[in-house]
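Here's the letter readout for the chains.
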Amino acid sequence: LKSHRSEAGNGLNFPKKFWTKAAVELQKIHQVSPAKEAKHCAGKWGRLRTTYQTVKALSEQSGFHWDDIGGAGITVESETVWAEYLKKNPGVKIFCNKGWTHFSAMDNLM
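Residues numbered from 1 in each chain as written. Predicted model: local features only at pLDDT ≥ 70, side-chain atom pairs only at ≥ 80, totals over all residues. Heavy atoms only, no water.

K.L.:
How should I be thinking about the overall build of the chain in this particular structure?
P.N.:
Counting secondary structure elements, the chain contains four helices and zero strands. Start at the N end of the chain and walk to the C end: the helices and strands fall as α-α-α-α. For 110 residues, the compact-globule formula gives about 13 Å, and the C-alpha radius of gyration of the chain, at 17 Å, lies well above that figure. The principal-axis extents of the C-alpha atoms in the chain amount to approximately 50 × 35 × 20 Å. Considering the chain as a whole, with its 110 residues, one finds that 27% of them fall into the buried category. Long-range pairs, those at least 24 residues apart, make up 57% of the contacts in the chain with a sequence separation of at least 6. Entry remark: accessible area of the chain is about 7500 Å², with carbon and sulfur atoms responsible for 56%. One finds the centroid of the 16 positive side-chain charges in the chain at a distance of 11 Å from the centroid of its 10 negative side-chain charges. (Helix = DSSP H or I, 4+ residues; strand = E, 2+ residues; numbered from the N terminus. Rg over C-alpha atoms; globule rule 2.2 N^0.38 Å. Buried < 20%, exposed > 50% of the residue type's maximum accessible area, 1.4 Å probe, protein only. Contact = heavy atoms within 4.5 Å. Areas by Shrake-Rupley, 256 points an atom, 1.4 Å probe, with all protein chains shown as cover. Lys, Arg positive; Asp, Glu negative; His and termini not counted. Charge placed at Lys NZ, Arg CZ, Asp CG, Glu CD.)

As structure tokens, this is what we get:
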């Protein structure tokens, strides 16, 4: 992805022909699993971008600490603030005290 970033334009929306090539390259690496199709690669990329956007917003949120291993690092002292944040952002629940190891790599790519 990083070496083909220029093909994606703003928002890193890669064209379909890119995902066709990516699927072929993935098959070279993961020969044991079933062959990936372009639509699977594009779908996975979409999910990664959504997760990235969720974690990015959380990492920039005042009142929380973020790291790729411990997530938001919610403690007894920050539980009230966390509960309020969860009401508006239910997708972050899994990052309470669990990080996302791909965040730094995605942040560099995005």
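K.L.:
How should the layout of surface pockets be read in this particular structure?
P.N.:
Rolled over the atoms, a probe with the dimensions of a water molecule shows which regions are left empty. Looking at the largest pocket, its volume works out to about 660 Å³. In terms of lining, the largest pocket is formed by 22 residues, of which the most central are Leu1, Trp19, Ala22, Leu26 and Cys41. Those elements that provide at least two residues to the lining of the largest pocket are helix H1 (16-29), helix H2 (38-59) and helix H4 (103-109). Considering each element in turn, the lining of the largest pocket owes the most residues, seven residues, to H1. Looking at the lining of the largest pocket residue by residue, the classes come out as twelve nonpolar, four polar and six charged. (1 Å grid on protein atoms, 1.4 Å probe; cavity = no way out; pocket = protein on both sides within 12 Å on 5 of 7 lines; lining within 4 Å. Points joined across faces, edges and corners; volume = space filled by probe spheres on them. Nonpolar A, V, L, I, M, F, W, Y, C, P; charged D, E, K, R; others polar.)

K.L.:
What is the right way to look at the environment of Phe64 in this model?
P.N.:
With respect to the helices, strands and loops of the structure, Phe64 is situated in the loop between H2 and helix H3 (79-88). Counting along the chain gives ten residues from Phe64 to Ile74, while the straight-line C-alpha distance between them is 7.3 Å.

K.L.:
What am I meant to see in the side chain of Arg49 here?
P.N.:
Turning to its location among the elements, Arg49 is positioned in helix H2. There is no salt bridge for the buried Arg49, and the closest opposite charge comes from Asp107, which lies 13 Å off by N-O distance. Once residues within four sequence positions are removed from consideration, Arg49 is found in contact with Gly11, Leu12, Asn13, Met106 and Met110. (Salt bridge = Lys/Arg side-chain N within 4 Å of Asp/Glu carboxyl O.)

K.L.:
Sorry if this is basic, but what is going on with the side chain of Asp68 here?
P.N.:
Relative to the assigned elements, Asp68 resides in the loop between H2 and H3. When sequence neighbours within four positions are dropped, the list of residues in contact with Asp68 reads Gly99, Trp100, Thr101, Phe103 and Ser104.

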